[in-house]
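# Coordinate analysis (summary)
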Amino acid sequence: MNQSTFPAGFTWGVATSAQQVEGGRHEGGRGESIWDRFASRPGCIADGSTPDVTCDHYHLWARDIGLMRELGLGAYRFSIAWPRVLPLGRGAVNQAGLDFYDALVDRLLEAGLEPFPTLYHWDLPQPLQDAGGWAARETAAAFVDFTLAVTARLGDRVRRWTTHNEPWCAATLGYEEGHHAPGLREPATGLRAAHHLLLSHGWACGAIRAQVPAAEVGIVLIHSPAYPLRETPGDRDAARWFDGFFNRWYLDPLFRGAYPADAVADRVARGHLPGGGMTFVRDGDLAVINAPLDFLGLNYYSRALMTTGPDGRPVAAPPPAGAGVTDMGWEVYADGLRAALVRVHREYAPRRIYITENGAAYDDPPGTDGRIRDARRIDYLRGHLRSAAAALDEGVPLAGYFLWSLLDNFEWGYGFTKKFGLFAVDPVDQRRRPKDSAHWYAKVAATNTVGDDDPATSEGDPRAFDD
Ligand code: FCB
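Attention in this report is confined to the structure presented alongside it.

The rules we used
Residues numbered from 1 in each chain as written. Predicted model: local features only at pLDDT ≥ 70, side-chain atom pairs only at ≥ 80, totals over all residues. Heavy atoms only, no water. Helix = DSSP H or I, 4+ residues; strand = E, 2+ residues; numbered from the N terminus. Rg over C-alpha atoms; globule rule 2.2 N^0.38 Å. Contact = heavy atoms within 4.5 Å. Areas by Shrake-Rupley, 256 points an atom, 1.4 Å probe, with all protein chains shown as cover. Lys, Arg positive; Asp, Glu negative; His and termini not counted. Charge placed at Lys NZ, Arg CZ, Asp CG, Glu CD. Pairing = 2+ DSSP bridges. Axes fitted to C-alpha atoms, helices over the stretch in contact; angles between N-to-C directions. Salt bridge = Lys/Arg side-chain N within 4 Å of Asp/Glu carboxyl O. Buried < 20%, exposed > 50% of the residue type's maximum accessible area, 1.4 Å probe, protein only. Near = heavy atom within 4 Å. Polar contact = N/O pair within 3.5 Å; in protein donor to acceptor, adjacent residues only side chain to side chain. 1 Å grid on protein atoms, 1.4 Å probe; cavity = no way out; pocket = protein on both sides within 12 Å on 5 of 7 lines; lining within 4 Å. Sits in = over half its atoms within 2 Å of the grid points. Phe/Tyr/Trp six-rings, centres within 6.5 Å; stacked < 30°, edge-to-face > 60°. Lys NZ or Arg CZ within 6 Å of the ring centre and 35° of its normal.

## Brief notes about the overall build of the protein chain
On a plain count of helices and strands, the protein chain comes out with 15 helices and 16 strands. Taken over the C-alpha trace, the protein chain has a radius of gyration of 21 Å; the compact-globule value for 467 residues is 23 Å, and the two agree within 12%. Its C-alpha atoms put the protein chain at 65 × 55 × 45 Å along the principal axes. Across the protein chain, every contact between residues at least 6 apart in sequence was considered, and the portion connecting residues at least 24 apart equals 77%. For the protein chain, the accessible surface area stands at approximately 16,900 Å², while carbon and sulfur atoms represent 53% of it. One finds the centroid of the 47 positive side-chain charges in the protein chain at a distance of 2 Å from the centroid of its 59 negative side-chain charges.

## Examining the sheet that holds strand β9 (residues 295-299)
Spatial strand order, β4-β3-β2-β13-β12-β9-β7-β6-β5: 9 strands in an open sheet with parallel pairing. Only two strands of the sheet have a single partner each, and these edge strands are β4 (114-115) and β5 (118-120). Examined bridge by bridge, β9 and strand β12 (residues 353-357) share 4 bridges and lie parallel to one another. Within β12, the position partnered with L298 by the bridge is I355. Lying over the sheet, helix α8 (residues 167-176) contacts β5, β6 (160-165) and β7 (216-222), oriented at roughly 45 degrees with respect to β7.

## Some details on the pattern of salt bridges
Going through the model one piece at a time under the given rule, you end up with 42 salt bridges. In this structure, the salt-bridge partner of R236 is E231, at a minimum N-O distance of 2.7 Å. Between D262 and R248 there is a salt bridge, and its shortest N-O distance comes to 2.8 Å. Linking D262 in helix α11 (residues 261-269) with R248 in helix α10 (residues 233-256), this pair joins segments that are 14 residues apart in sequence. When its relative accessible area of 26% is taken as the criterion, D262 is described as partly exposed. Owing to a relative accessible area of 12%, R248 belongs among the buried residues under this scheme. The structure contains a network of salt bridges with shared partners spanning D237, R240, D243, R248, D262, D266, R343 and E347.

## Observations concerning the site of the ligand
Neighbouring the ligand are the residues Q20, H121, W122, N165, E166, Y301, E357, W404, E411, W412 and F420. Within the side chain of E357, one N or O atom sits 2.9 Å away from an oxygen atom of the ligand. Within the side chain of E411, one N or O atom sits 2.9 Å away from an oxygen atom of the ligand. Coverage of the ligand by the protein amounts to 96% of the 290 Å² it exposes when considered alone. Given that more than half its atoms are within 2 Å of the pocket grid, the ligand belongs to the largest pocket.

## Observations concerning the packing of aromatic side chains
The full count for this structure, using the stated rule, is 39 aromatic pairs. Ring geometry for F423 and F465: centres 5.2 Å apart, planes at 90 degrees, overall edge-to-face. Of the two residues, F423 sits in strand β14 (residues 423-425) while F465 sits in the segment after β16 (449-450), which places them 42 residues apart along the sequence. Comparing F423 with F465 shows no difference in burial state: the two are buried. Aromatic rings pair up to connect W35, F38, W122, F410, W412 and F416 into one cluster. Directly above the aromatic system of Y227 lies the positively charged group of R303, at a separation of 5.1 Å from the ring centroid. The side chain of R303 reaches across the aromatic face of Y333, ending 3.8 Å from its centre.

If you want it as structure tokens, here you go:
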């Protein structure tokens, strides 16, 4: 039997985010987020849904912790909704919003799960967007207020803090490509937003450490290693271009205190930096962004396969013939996870790395017996966990793995059409139904090993996870 083994003490978890699972839109004094506003605009969400209720985790959180406990997990990565804590973005703190996370943290600890919060997973308070959003430097200062309000309340029990989730997505999908809230299509604004996200991270690191001396602080980046489709100079340069645009734009300032010169030149060439440079970067900003980190979170879903379009510009190539593809259209490319981990370890040397998201969207309806046979998800997870184990063998200081996601949830612009969960969620009665992958993942967490058993035989105890 071919087995990959993880070290004792390796953290197994699941990840969610507030906007995608909580609901409770109008409860507990919560304010409006940019996603509430974006989703209310016709045509912005594929199925016309809103995040008003989603998985109702706002009410069902204790049951959801029960599920994580049954899975035998060691940690829960969740995010804290800024509009719950500061409904107007700044100013008066809403204690009821903090009460929610306070109770969540207590119950997690009672259940033996480490709370692993992310401060910003894209749900900016709308009033801050009205004042410019992340394109405004003041938003970075407001993020410090929010951070301090949260650490003052939870810092006695939460040790590991993540500032941001995937600033590339917040800046580029939100301000540059318009797929995400706030839905702008302004590349120059996107680059300003990216800088202020990074700056707010650096400031927040200092604030967290000042308030919680034992804290460990990190940030979560999405990482897709870029490969040329063909070994031609054009395709190789397209891969370099993507790596600078997507990966190094964040890694370099965080770990080296400088934006990557080649990627800045690419942006200048495209006219995305009016004035010819990074005029929004002030003296000292990069030293702030370069604050030492205790850990780096990496989210990995797929690689980027790059080629050149008819106009000579870099474009993503379609997945190779025969490659597996998830419902997101993303190629299943497990070795990219090993490659990403090894590359980041060798070139940037974070003290510790967590895989903070990895998972796959597949829609597998229940069989007539009610069982959800999501063999493709199990295959995806098995391949990626083996790849993570290979990175450990190559010396990567990998400390844990958070599967995306516990529940089928509100997948941003796709609404509820993309299903990433270990549990299906009934949109009417909110019942959570375990998929085969939930049983499979529980076995991985219990044994610290990933074998090559047939997914079809990996059915767990049917009594487990009963509501
Ligand atoms: C990541 C996001 C997460 C979820 C997954 C599928 O980029 O962080 O919220 O949408 O993709």
